[in-house]
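# Structural overview
Below are the chains, spelled out letter by letter.
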Amino acid sequence: MKRSTKIILAVTLAVLATEAGLVASSWLSARRVMERTIQERGATLREGVAVAQSTTEMQLGAIASFIADVEEVRRFLAIAQTIGVPPPEIVADTRAQLEHVVGARWTNLQFRFLLRQLAFHLADGTTFLRVERPYQHGDSALGDDGLVAATIASRRMRSGFEIGPFSTGLRATTPVLARDDQGGSHLLGVVEVGSSFDPMLVPICPTAECGVAVLLSPRAAAAMTESSRAAQFTPDRVTSSGWLIEASSNPAITRAVIDPLSQPGRGQSETGLMRAPSGRWLGVTPFPLLDFQAQSDPARAPPGMVAVWQDATDLVEGLHGDLRRTLLTALLAFLVVEAVLVGGVHLATRRLEEEIAKATTESRILLAKVTELAERDPLTNLYNRRS
């Protein structure tokens, strides 16, 4: 192998290694920027979920407080507290009168705020009336340290996500208090108002480029009665992995993309890229769903998860486009460098060969002159005796 070929090969390998390193470094840097952008978008959506949930709970609290301040509500709960153990028809008549008082308001609030639940509980936790289920009453609402129990204990409004025996969703509970002559108060009961996550979805993601899904684990939904669970979570709201879809802005994506995810633990929230069946890239951020009990007890397991996603196809395609442009630029630069290198080596080799040929010719001429001087006498031009 010629020396010039070896030089060209060595320099070519060095250029290739350098450009490969630059391309890899550029691609990794662009990928980190893309991942950071996806994480920031996920964090924004997660913050939007927190803000929307807090706003919804405040709204539910305001509605519950409004109902608790209705004089007729106080009067009928006071009657229910003082009538002792009356005949069933008297209890039924008191309950019917309360239902009549709140019935018109309930219909208006139900359609205006998409409420799912309105219940009245006595001071001992006994459910006196469920407006959405007027035939279900008399049970205790104090189980499992829920919202009603917390409100009775603190006499303050409480709110959060809760899974009850008959429904799930966001709820707010407010005490109904009666003032006495000494300026104090005593507890008459508790007003409970509930809604679902569905009204939150559109404000969080007003376009189809992002979405939210709220999923419950089958274990957590075991707190519901079998009939209520079957009625709320119909087969189309149960995924192949067993998740129960409490709410979703896109059930198709929830089933295809979110369903395989596992339950994240407390404090876990990792954003990753996932491919939708349509071919679009999604940045998915799952995080644990904390109900009221889990918020109060850090040792309690989350009952489910919330997953937010945003379309990241533009970022992925941008990354691939940058990679193609970088590779094309590197290829053009390599070809230019190679052309300059080969041309330069050939030019230098040719000049060197010309100089060597010229020096060889001059050496031969000098050798001929020296030989002639050695063979002939420079004065007589006769051959020397030794020649």
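### A few points about helix H4 (residues 147-154)
Within H4, six of the eight residues are buried, which leaves it mostly tucked inside the rest of the structure. Contact partners of the buried residues in H4: strand S1 (115-122), strand S3 (158-163), strand S4 (168-179), strand S5 (185-195) and helix H9 (292-296). In the segment just after H4, Arg-155 is the residue with positive phi, at about 55°.

### What about the environment of Val-101?
Relative to the assigned elements, Val-101 resides in helix H3 (residues 88-113). Along the chain, Val-101 and Ala-10 lie 91 residues apart, while their C-alpha atoms are 93 Å from each other. With residues up to four places along the chain from it excluded, the contact list for Val-101 reads Glu-72 and Phe-76.

### Remarks on the packing of aromatic side chains
Throughout the structure, instances matching the rule amount to one aromatic pair. Relative to Phe-197, the ring of Phe-161 lies with its centre 5.5 Å away and its plane at 45°, an arrangement referred to as tilted. Separated by 36 residues along the polypeptide, Phe-161 in strand S3 and Phe-197 in the loop between S5 and helix H5 (198-204) bring together distant segments of the chain. Note on accessibility: Phe-161 and Phe-197 belong to one class, buried. If you follow Arg-75 out to its NZ or CZ, it ends over the ring of Phe-76, 4.5 Å from the centre. Lying across the ring of Phe-128, Arg-95 places its NZ or CZ 4.8 Å from the centre.

### Quick notes on the sheet that holds S4
Ordered in space as S2-S1-S5-S4-S3, the five strands form an open sheet in which the pairing is antiparallel. The sheet is open, and its two edges are formed by strand S2 (127-130) and S3, each paired on a single side. For this sheet, the mean inter-axis angle between neighbouring strands, taken without regard to orientation, is 25°. Examined bridge by bridge, S1 and S2 share three bridges and lie antiparallel to one another. Its bridge partner being in S2, Phe-120 is matched across the sheet by Leu-129. Against the sheet, H4 contacts S1, S3, S4 and S5, and its axis sits at roughly 155° relative to S3.

### Quick notes on the pairing of S1
In terms of burial, S1 is a largely internal element, seven of the eight residues being buried. As judged from the seven bridges shared by S1 and S5, these two strands associate in the antiparallel manner. Its bridge partner being in S5, Leu-122 is matched across the sheet by Gly-189. Counting the residues between successive antiparallel strands, the hairpin from S1 to S2 contains four residues, one of them, Gly-125, with a positive phi of roughly 95°.

### Things to note about the sheet that holds strand S6 (residues 210-216)
Read from one edge of the open sheet, five strands run S7-S6-S10-S9-S8, paired in antiparallel fashion. Only two strands of the sheet have a single neighbouring strand rather than two, namely strand S7 (244-248) and strand S8 (272-275). Taking the axes of each pair of neighbouring strands and ignoring which way they run, one obtains an average angle of 30° across the sheet. Of the strand pairs in this sheet, S8 and strand S9 (residues 281-289) are connected by four bridges, and their pairing is antiparallel.

Conventions used here
- Residues numbered from 1 in each chain as written.
- Predicted model: local features only at pLDDT ≥ 70, side-chain atom pairs only at ≥ 80, totals over all residues.
- Heavy atoms only, no water.
- Buried < 20%, exposed > 50% of the residue type's maximum accessible area, 1.4 Å probe, protein only.
- Helix = DSSP H or I, 4+ residues; strand = E, 2+ residues; numbered from the N terminus.
- Contact = heavy atoms within 4.5 Å.
- Phe/Tyr/Trp six-rings, centres within 6.5 Å; stacked < 30°, edge-to-face > 60°.
- Lys NZ or Arg CZ within 6 Å of the ring centre and 35° of its normal.
- Pairing = 2+ DSSP bridges.
- Axes fitted to C-alpha atoms, helices over the stretch in contact; angles between N-to-C directions.

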